[in-house]
Amino acid sequence: MVRILKWLAAGIVALAVFVLAVYALSRAMGPTRAESAALALVDAPPQLPDGRDGFAALYSVGHDVPPADQARVLAEDVRRFAASPPLSMEQGAYAPGWRSVLDDWPRLDPPPAGDPPWCPLREPGCIERVRAAPDAYAGLIERHAVLLERSAALAGYDYFRNPFAARLDMPIPAYQSLTHLPTRNAWRFARGELDAGLAGTCDGVALGRRMVESGDTLIASVIGAALVQGNATLLAEMLAELPRQHPLPAQCSEAVARPLALEQGVCRVMLGEGRFSIGGMRTQITGQIAAEASGHDVPAWGTRLLFDRERTAARMAPTFAWYCGDQARALVAADRPLVGPTTPPSLWSLRCASNPVGCILADIAQPAYADYGVRLQDAGARLRTTAALLWLRGHDGPIDEAALSRAPAPLRSPERPLRLDLATATLGTAVYEKPRPGTHGHDGTWSVPLPGSRLQSAGVSP
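None of the values given here were measured: they were computed from a predicted structure.

Considerations on the overall build of the chain
- A count of helices and strands for the chain gives 18 helices and three strands.
- Here the chain, with 462 residues, has 47% of them falling under the buried criterion.
- Put simply, 78% of the contacts in the chain that link residues at least 6 apart link residues at least 24 apart.
- Summed over its atoms, the accessible surface of the chain is roughly 22100 Å², and 61% of this surface lies on carbon and sulfur atoms.

The following block contains the structure:
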């Protein structure tokens, strides 16, 4: 019996030594070289695009802040936010621990007064919608006139860099004001202000493409992609009601003159999203883990045994850095679906033995980004289709397959050829975003009417 107990004790000691050795070895290993390189890329200061930064104007667009005061208001809010404690996970996103300077200025969005809805960016038919209720939309546009003018002025900027500290409670500007502009442009077009409607719509296409190319958060780039879709759809519907000889504002050809700079845009936005996500992990999530452990009487050293903040950051970083690598660049160049690695490193790897909580957290977040790359690629496909539409419109002779075959090479993709349907008088392309069921969903394609195909309703007001 004594011998058995000795052997049992020896086994327990050996197991403990083995576990400690595995833990120590895991701890000593640290991140892989690829993880360290990816984290360095994410943590590096972002490279700013050329041109004018319009974030101060965008940040204050919903308030009556004079242009001369917008930069000062933004700078003060950036200072206040950086000095405030990170919002805990229990407080939620709508309980900020700091007060914005914007609260001192009147809001520009009036309260609802039985207004009709703004045209959704992902649905066609905005012109018909405003024609069906001209007086209601006239009132809507008039009540929001100042806000719409401020929003339209944002088209004059080249990029919008969010300067707030990267945290999960980082302030998000009022992007929704940009989504209202197509309704005003459709309203102007429907009441006979053809050139004003066209110019505003083409400005919207150009603004959307700049937001995709220069966005530093996913929400900014996805809004940009939605602006491309909504304004490109509206532009095609306008052109369908106009003779092909009707001159277009210069900004229309400029908006689609070159392919979308998707390679640099996807890399920039995913690194920005990495800073946001990893910054949130380093602040709020780390604080939440410490608070949970304290609430269960777990000492701080016990938490450190199971969770390493910087090694978790290193495990998260390759998800974002992948979009700047050779594989992603090759997929973009070939216009093949930009879907990143979907299988995270194994939780059973030796490196996770000393950071199990961090490995689980990093792996939970990874699949959330799988579909965003293709949504940005679809913005490029829609721009390419719109450019082809304008080229066909300016081409002498009928719009048919023979004309489409002569379109310049930059307007074509071997993976997603343009689809000309003369029976429905539409031009379309495949989209990589997952099909959405419903009346206003899509079946994996995006189609717009051909120029001049709806001439009978051009410029007609109810």
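Some thoughts on the environment of Arg131
- Tracing the backbone shows Arg131 in helix H5 (residues 126-132).
- Remark: the alpha-carbon pair of Arg131 and Phe189, spanning 58 residues in sequence, is separated by 9.9 Å.
- A distance of 2.9 Å separates polar atoms of two side chains, one belonging to Arg131 and the other to Glu241.

Re a nonpolar patch on the surface
- Together, Leu305, Leu306 and Val357 line one region of the surface with nonpolar side chains, adding up to about 220 Å² of accessible area.
- With respect to the helices and strands, the residue Leu306 is situated in helix H13 (residues 300-306).

Examining the layout of surface pockets
- Each pocket or cavity is described by its volume, and for the second largest pocket that value is around 490 Å³.
- Forming the walls of the second largest pocket are 25 residues, and the residues nearest its centre are Pro259, Leu260, Gly380, Arg384 and Pro410.
- Of all elements in the fold, only helix H12 (262-295), helix H15 (326-334) and helix H17 (372-394) reach the threshold of two or more residues within the lining of the second largest pocket.
- Top element by residues in the lining of the second largest pocket is H17. It accounts for eight residues.
- Within the lining of the second largest pocket, the residues separate by chemical class into 16 nonpolar, three polar and six charged.

Rules used in this analysis
- Residues numbered from 1 in each chain as written.
- Predicted model: local features only at pLDDT ≥ 70, side-chain atom pairs only at ≥ 80, totals over all residues.
- Heavy atoms only, no water.
- Helix = DSSP H or I, 4+ residues; strand = E, 2+ residues; numbered from the N terminus.
- Buried < 20%, exposed > 50% of the residue type's maximum accessible area, 1.4 Å probe, protein only.
- Contact = heavy atoms within 4.5 Å.
- Areas by Shrake-Rupley, 256 points an atom, 1.4 Å probe, with all protein chains shown as cover.
- Polar contact = N/O pair within 3.5 Å; in protein donor to acceptor, adjacent residues only side chain to side chain.
- Patch = residues over 30% accessible without salt bridge, like charges linked within 9 Å, V, L, I, M, F, W, Y side chains within 5 Å.
- Salt bridge = Lys/Arg side-chain N within 4 Å of Asp/Glu carboxyl O.
- 1 Å grid on protein atoms, 1.4 Å probe; cavity = no way out; pocket = protein on both sides within 12 Å on 5 of 7 lines; lining within 4 Å.
- Points joined across faces, edges and corners; volume = space filled by probe spheres on them.
- Nonpolar A, V, L, I, M, F, W, Y, C, P; charged D, E, K, R; others polar.

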